[in-house]
Every structure is written in C-alpha cells, then in structure tokens.
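Read off the chains here:
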Amino acid sequence: MHRRRRTALVLCATIVTAAPLLTACGNDAHPGAAAVVGGQRITVAQLENRVNEVRAAQRAATADDAQYEQTIARTGGLTRDTLHSMVLDEVLKRAAEDAGVGVTRKDIQAFRTSLERQVGGPKALETTWLQQYGVAPQRLDDNLRTEIEAQKLATALGADMNTDAGQAAFWKALSDASKKLDVDLNPRYGTWDVQKSSRVDAKTPWVREITAPAQPQSA
C-alpha cells in the first residue's frame, strides 16, 4: 500500500474513535436555525433540503417501496446526523484555514479518481457514499474536499496520527476552531461539546475507515 494511503487509513480510523462528541449549547435565540456556526445560520430549511437530497437519491437507488422503507428504517437518524456532519465540516474548514491549509479542484479530482478505481467506478463510489455515509451524489465532491482537509491539516500540524500526541494535536486544532466559531445547536438536534473525545454519532465521510480494497504497494 502506498504510504499516503496508509496515512489516510490511520487518520480516518483515528477520527472514528477520537472524534468530538456532537452533543450542547442551543437555545431559542436563533429562531428557524438548526445551528449557528461562526455567526452564520444553518437554517432548518437548509438542513431539510440536504436530507431531502439524500432521501431522493435513496429512493432512486431502490427497486421498490418495501426496499425504500427498509432504507428509511436503517437511517432514521439522518436529520441529526446530517446536521452534525454540516457543523463538523465547518469546524474542520476553520481549523484548516487557521493552519494555512487549502484544497484545490485538482486535489479533489485526483482523490476522487483514486477512490473510483478502488471501488469500481464513478457510480460505485456515489453508491458507497450514499449507502454508508448518507451523502447525496451532488454533495460527493464537497465531502471529498473535507476529507482532504482533514488529511492536510494533520500534515500541516506535524501530527503523526499513529501516536497519542499526534491525535491530541489534531483534536486540539479542531477544539480551538470550534471555540472560535462558537457553535450553537438547536437543542432538538443535540448539543456540541468540543472538549470531549468520544465516538461521533454522525456518519461523516471523513470520520471513517476506508473499506475499499487497498492499492498494491509500489516498487
């Protein structure tokens, strides 16, 4: 396996087990908002639009009503998971900006091409992201950008994600960014605690283990 892929595997696996618990602060000071991040509202309407995108993609991917109902039953927490992912993505984006990290369109395309080769093509990749992470096909590139940000942030921080010290440095950067953004969740969707290091509820694509077949190691 290429060294870069090993690094990504370690990073993503570490994020799965060390991600901050999306869990407080929320009140009725922002009517109509699902969350406020950095003074910017994520409205309930925006959240519902994201959820509807996923539901539409799930419906299109299922053969009949019974299968679709089973899909809905398996993803009953989609709304909460989607909001938590949206907030966590913004926190990571701020941490990356603070570290001087940027992601180009070329980065995204190269990463997408690599993943497509692993899973068997563009459609297979879209299906994987939809089924495993609740990401609609039209949001795939945005999510790949976020994952690249996570990897680049770890590199910029000099954080070796194989070590406790490296993991601590990475999560401190996210904690600092979260404090700066003053995250405020509507209580109906949970709360936010940047200090905790527990398993995250949301199935965020960059909070994941890569399950696709590994590429052979180059000579």
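Predicted model, so just to flag it, every value in this text is computed and none were measured. (Residues numbered from 1 in each chain as written. Predicted model: local features only at pLDDT ≥ 70, side-chain atom pairs only at ≥ 80, totals over all residues. Heavy atoms only, no water.)

A closer look at the pairing of strand β1 (residues 33–37)
Working step 1: Across the five residues that make up β1, a large majority, five, are buried.
Working step 2: Bridging between β1 and strand β2 (residues 40–43) involves four bridges; their strand directions are antiparallel. Along β2, the bridge assignment pairs A33 with T43.
Working step 3: The antiparallel hairpin formed by β1 and β2 contains two residues in its connecting segment, where G38 sits at a positive phi of about 60°.
Working step 4: Two elements, β1 and strand β3 (residues 184–185), share two bridges in a ladder whose sense is antiparallel. (Buried < 20%, exposed > 50% of the residue type's maximum accessible area, 1.4 Å probe, protein only. Helix = DSSP H or I, 4+ residues; strand = E, 2+ residues; numbered from the N terminus. Pairing = 2+ DSSP bridges.)

Considering the side chain of E116
Working step 1: The residue E116 is located in helix α5 (residues 105–119) in this model.
Working step 2: According to the relative accessible area criterion, E116 is buried, its value standing at 15%.
Working step 3: Apart from residues no more than four positions distant in its own chain, E116 is found in contact with G121, P122 and L125. (Contact = heavy atoms within 4.5 Å.)

Considerations on the sheet that holds β1
Through backbone hydrogen bonds, the strands of a sheet pair up, either in parallel or in antiparallel fashion.
Working step 1: Strand order in the open sheet made by the three strands is β2-β1-β3, with antiparallel pairing throughout. Single-partner strands in this sheet number two, and they are β2 and β3.
Working step 2: Running at roughly 15° to β1, helix α4 (residues 78–98) makes contact with β1, β2 and β3 of the sheet. (Axes fitted to C-alpha atoms, helices over the stretch in contact; angles between N-to-C directions.)

With respect to the pattern of salt bridges
Working step 1: One pass over the structure, following the stated rule, counts 10 salt bridges.
Working step 2: With its nearest N and O atoms 2.8 Å apart, the salt bridge here joins K152 to D107. In this pair, K152 sits in helix α7 (residues 140–157) while D107 sits in helix α5, placing the two residues 45 residues apart along the sequence.
Working step 3: Here D141 and R112 are joined by a salt bridge, their closest N and O atoms 2.6 Å apart. With D141 in helix α7 and R112 in helix α5, the pair connects residues that are 29 residues apart, well separated along the chain. (Salt bridge = Lys/Arg side-chain N within 4 Å of Asp/Glu carboxyl O.)

Description of the environment of A56
Working step 1: Along the chain, A56 turns up in helix α2 (residues 44–61).
Working step 2: Taking the relative accessible area as the measure of exposure, A56 reaches 48% and is therefore partly exposed.
Working step 3: For A56 and A136, which are 80 residues apart along the polypeptide, the C-alpha to C-alpha distance reads 8.4 Å.

Spatial relationships are all this shows, so hold off on functional conclusions.
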